[in-house]
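Working through the structure, step by step
So you can see what is in the structure, the chains are spelled out below.
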Amino acid sequence: MKPGAKPRTLDQSMPGEPGREETIARMIRVDQAGEYGAARIYAGQLAVLGRTKAAPTLRRMAEQEQRHLDEFNRMMIERRVRPTLLQPLWHVAGFALGAATAMLGEKAAMACTVAVEETIDAHYRRQAARLGDEEPKLKDTIEEFREDELEHRAIALEHGAKEAPLYAPLTFAIKRASRLAIWLSERF
Ligand SMILES: [Fe+2]
Ligand SMILES: [Fe+2]
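Below is a short write-up of the structure. Note that the structure is predicted; figures quoted are calculated from it, not measured.

Turning our attention to the packing of aromatic side chains. The tally for this structure, following the rule as stated, stands at one aromatic pair. Ring centres of Phe-72 and Phe-145 lie 5.6 Å apart, and the angle between their planes is 80°; on these two criteria the pair is classed as edge-to-face. One end of the pair, Phe-72, is in helix 2 (residues 55-79); the other, Phe-145, is in helix 5 (residues 136-158), and 73 residues separate them in sequence.

The structure is reproduced here in structure tokens:
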């Protein structure tokens, strides 16, 4: 989208693009996948760091991810949206990412949160713009969750994320992987 250009509304899809219903279904599908992945990342981190001083912070963020996930699960049932076919992959990959970063240390675990939340922030921002004035309830939910994600990012930074070894390449790789996961979950 060009800067300053007005985002297209849901009814203005290009030829060959999914229509309104399918666009919304895909949004809910990818968001549920993302929150599911987030919950799994924290589960992985807590499996490693569950008895450290980082645990209460991780647990608090994990609880919020669960709340986000519950809400998208509820929406899926309400709107009869199927989950992504890749859920079993996110089950394993999310946990593995969480556990692997936690094994690098508390700060690397926090760096993982920064990378994931920055990706989700951009993703939710794009979705909210695409929704425009339509689907106000869905849009409010996305905006509300986006604020929680930014808070998680702030918490992670407060906990020394940037002092993690290899912060730059680590967050770069995790952002790349997160964007790929979004791309895949929107399509499958
Ligand atoms: Fe979340
Ligand atoms: Fe989060």
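Here the focus is the nonpolar core. Counting residues in each nonpolar core, the largest one holds 40 residues, and the members touching the most others are Ile-28, Leu-58, Phe-72, Met-110, Leu-131 and Leu-138. If you list the elements that add at least two residues to this core, you get helix 1 (20-49), helix 2, helix 4 (106-131), helix 5 and helix 6 (167-187). Residues within four places of Met-110 in sequence aside, it is in contact with Ala-54, Thr-57, Leu-58, Met-61, Ala-156, His-159 and Ala-161. Residues Ala-39, Leu-86, Trp-90 and Ala-181 belong to the second largest nonpolar core, which totals seven residues.

Moving on: unusual backbone geometry. The phi dihedral of Arg-80 falls on the positive side, at around 55°, and the residue is not glycine. Of note, Leu-166 is a non-glycine position whose phi angle comes to about 60°, a positive value. Among the secondary structure elements, Leu-166 is positioned in the loop between helix 5 and helix 6. The class for Leu-166 is exposed, based on a relative accessible area of 64%.

For the rest of this paragraph, the subject is the pattern of salt bridges. Taken as a whole, this structure holds 16 salt bridges when the rule is applied. Glu-134 is paired through a salt bridge with Arg-20; the nearest N and O atoms lie 2.3 Å apart. Pair noted here: Glu-134 is in the loop between helix 4 and helix 5 and Arg-20 is in helix 1, with a separation of 114 residues, a long-range link. Judged by relative accessible area, which is 16%, Glu-134 ranks as buried. On the accessibility criterion, Arg-20 (27% relative accessible area) is partly exposed. Here Arg-74 makes a salt bridge to Glu-71, at a shortest N to O gap of 2.8 Å. You can see Arg-74 and its partner Glu-71 sitting in helix 2, three residues apart, about one turn around the helix. A residue is classified by how much of its surface remains accessible, and Glu-71, at 21% relative accessible area, is partly exposed. Bridged by salt links that share partners, the residues Arg-20, Arg-79, Glu-134 and Glu-135 form one connected network.

Cut-offs and rules
- Residues numbered from 1 in each chain as written.
- Chains lettered and ligands numbered in written order.
- Predicted model: local features only at pLDDT ≥ 70, side-chain atom pairs only at ≥ 80, totals over all residues.
- Heavy atoms only, no water.
- Phe/Tyr/Trp six-rings, centres within 6.5 Å; stacked < 30°, edge-to-face > 60°.
- Helix = DSSP H or I, 4+ residues; strand = E, 2+ residues; numbered from the N terminus.
- Core = buried A, V, L, I, M, F, W, Y, C linked by side-chain atoms within 4.5 Å.
- Buried < 20%, exposed > 50% of the residue type's maximum accessible area, 1.4 Å probe, protein only.
- Contact = heavy atoms within 4.5 Å.
- Salt bridge = Lys/Arg side-chain N within 4 Å of Asp/Glu carboxyl O.

Take it as geometry only, folks, not as evidence of what the structure does.
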